Amino acid sequence: MEHGSPGSPTAPSPAPSGALRGRIGRLVAEVAKFGAVGGAGVLVNLLVFNFVRHVSDLPVVRASVIATIVAIVFNYLGFRYFTYRDREKGHRTREMSLFLLFSVVGLVIENGVLYTATYGFGWDTPLQSNIFKFLGIGLGTLFRFWSYRTWVFRALPSSGAAERSAAERGRATALHPQPSARAARPAGATGLGASRRP
């Protein structure tokens, strides 16, 4: 049987490599924008942390929690209006509630590292506190990146994805057409002929 003959099955075409490159490119751009906002947030976090420690007698972990809260507010504005400005903007109350929830988890991760270093091992010099504060920020940031992009700032379906889905449905219909009511009738058995039978 020739390859172009009617009735021969058509093999599904492989996904274009350009789609994979586009997806990787979008992820790289997202990581870069997240990193820009997150890097600025780290700077805000550390500056507020050291400022509070310098001007007050608060314990180190309390000073860190205050700095983390300031950075959370800064990060939300940066993520919503820069990194994820093209994401779904409906249900703002839900978005802010989830952001707060995951930010609190990140706060516990970040300050848990500092707490363990300070009160578990006695590493509480200014240099040691900044090192473990920075380490905690890094671990908390990994969690925040996953949770924010997955649950908080949800992606809208792209027009390209919708078009591909419609094209795939059309291709499936062409390969496997549904039998029509006319084709399902026996040959010659029209409605007119059936009505003339005695």
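Conventions adopted
Residues numbered from 1 in each chain as written. Predicted model: local features only at pLDDT ≥ 70, side-chain atom pairs only at ≥ 80, totals over all residues. Heavy atoms only, no water. Helix = DSSP H or I, 4+ residues; strand = E, 2+ residues; numbered from the N terminus. Contact = heavy atoms within 4.5 Å. Areas by Shrake-Rupley, 256 points an atom, 1.4 Å probe, with all protein chains shown as cover. pLDDT = per-residue confidence, 0-100. Buried < 20%, exposed > 50% of the residue type's maximum accessible area, 1.4 Å probe, protein only. Polar contact = N/O pair within 3.5 Å; in protein donor to acceptor, adjacent residues only side chain to side chain. Salt bridge = Lys/Arg side-chain N within 4 Å of Asp/Glu carboxyl O. Axes fitted to C-alpha atoms, helices over the stretch in contact; angles between N-to-C directions. Left-handed = near helix turned anticlockwise from the far one by under 90°. Nonpolar A, V, L, I, M, F, W, Y, C, P; charged D, E, K, R; others polar. Core = buried A, V, L, I, M, F, W, Y, C linked by side-chain atoms within 4.5 Å. Patch = residues over 30% accessible without salt bridge, like charges linked within 9 Å, V, L, I, M, F, W, Y side chains within 5 Å.

A. Inspection of the overall build of the chain at higher detail. Along its length, the chain carries seven helices and zero strands. Reading the secondary structure of the chain in the N-to-C direction produces α-α-α-α-α-α-α. A fraction of 73% describes how many contacts in the chain between residues 6 or more apart in sequence connect residues 24 or more apart. Accessible surface, the chain: about 13,500 Å² in total, of which carbon and sulfur atoms supply 67%.

B. Molecular detail of the confidence of the model for the chain. Mean pLDDT over the chain: 79, with 70% of residues reaching 70 or higher. Confidence drops under pLDDT 50 across residues 159-163; counting only partners more than four residues distant or on other chains, this segment forms zero contacts. Predicted confidence for residues 191-196 stays below pLDDT 50, and this span has zero contacts to residues more than four positions away or in other chains.

C. Representation of the environment of Thr116 in the model. Relative to the elements of secondary structure, Thr116 occurs in helix 3 (residues 92-120). The class for Thr116 is partly exposed, based on a relative accessible area of 40%. Taking the C-alpha atoms as reference, Thr116 lies 9.2 Å from Phe132; in sequence the two are 16 residues apart.

D. Fine view of the side chain of Arg80. Here Arg80 is to be found in helix 2 (residues 60-83). Owing to a relative accessible area of 0%, Arg80 belongs among the buried residues under this scheme. One polar contact links the side chain of Arg80 to the main-chain carbonyl oxygen of Tyr84, over a distance of 3.0 Å. Those residues in contact with Arg80 that sit more than four places away from it in its chain are Arg85, Arg87, Glu88, Lys89, Arg92, Glu95 and Phe153.

E. Structural context of the pattern of salt bridges. Under the definition given, this model contains five salt bridges. When the shortest N-O distance is used, the salt bridge between Arg80 and Glu95 registers 2.4 Å. A residue pair is termed long-range when its members are at least 10 positions apart, and Arg80 in helix 2 and Glu95 in helix 3 qualify at 15 residues. The same class applies to Arg80 as to Glu95, namely buried. Residues joined in a network through salt bridges with shared partners are Arg80, Arg92 and Glu95.

F. The packing of helix 1 (residues 17-55) against helix 4 (residues 126-152), seen in detail. Running from N to C, helix 1 and helix 4 cross one another at 145°; their axes reach a closest spacing of 10 Å. For the crossing formed where helix 1 meets helix 4, the hand is right-handed. In this structure, helix 1 contributes Leu27, Glu30, Val31, Phe34, Val42, Asn45, Leu46, Phe49, Asn50 and Arg53 to the contact, and helix 4 contributes Pro126, Ser129, Asn130, Lys133, Phe134, Ile137, Thr141, Arg144, Phe145, Tyr148 and Arg149. A class-by-class count of the residues in the contact of helix 1 with helix 4 yields eleven nonpolar, five polar and five charged.

G. Structural detail: the nonpolar core. Counting residues in hydrophobic clusters, the biggest one holds 14 residues, and the most contacted among them are Phe79, Phe99, Phe102, Tyr148, Val152 and Phe153. At the level of elements, helix 1, helix 2, helix 3 and helix 4 are the ones that each hand at least two residues to this core. Ranked by residue count, the leading element in this core is helix 3, at four residues. If near-sequence neighbours (up to four positions away) are discounted, Phe99 is found in contact with Ile72, Asn75, Tyr76, Phe79, Tyr148, Val152 and Phe153. Membership of the second largest hydrophobic core comes to eleven residues, among which are Val48, Val60, Ala63 and Leu114.

H. Quick look at a nonpolar patch on the surface. On the surface, Ile69, Val73, Leu77 and Tyr81 cluster together to form a nonpolar patch covering roughly 410 Å² of accessible area. By the secondary structure assignment, Leu77 is in helix 2. On the accessibility criterion, Leu77 (46% relative accessible area) is partly exposed.

I. Structural view of the packing of helix 2 against helix 4. Look at helix 2 against helix 4: their axes get within 12 Å of each other, and the N-to-C directions meet at 35°. Every pair of crossing elements has a handedness; the one defined by helix 2 and helix 4 is right-handed. Each of Val60, Ser64, Ala67, Thr68 and Phe79 in helix 2 lies in contact with helix 4, whose residues at this interface are Ser129, Lys133, Arg144 and Tyr148. Of the residues contributing to the contact of helix 2 with helix 4, the split by class is four nonpolar, three polar and two charged.

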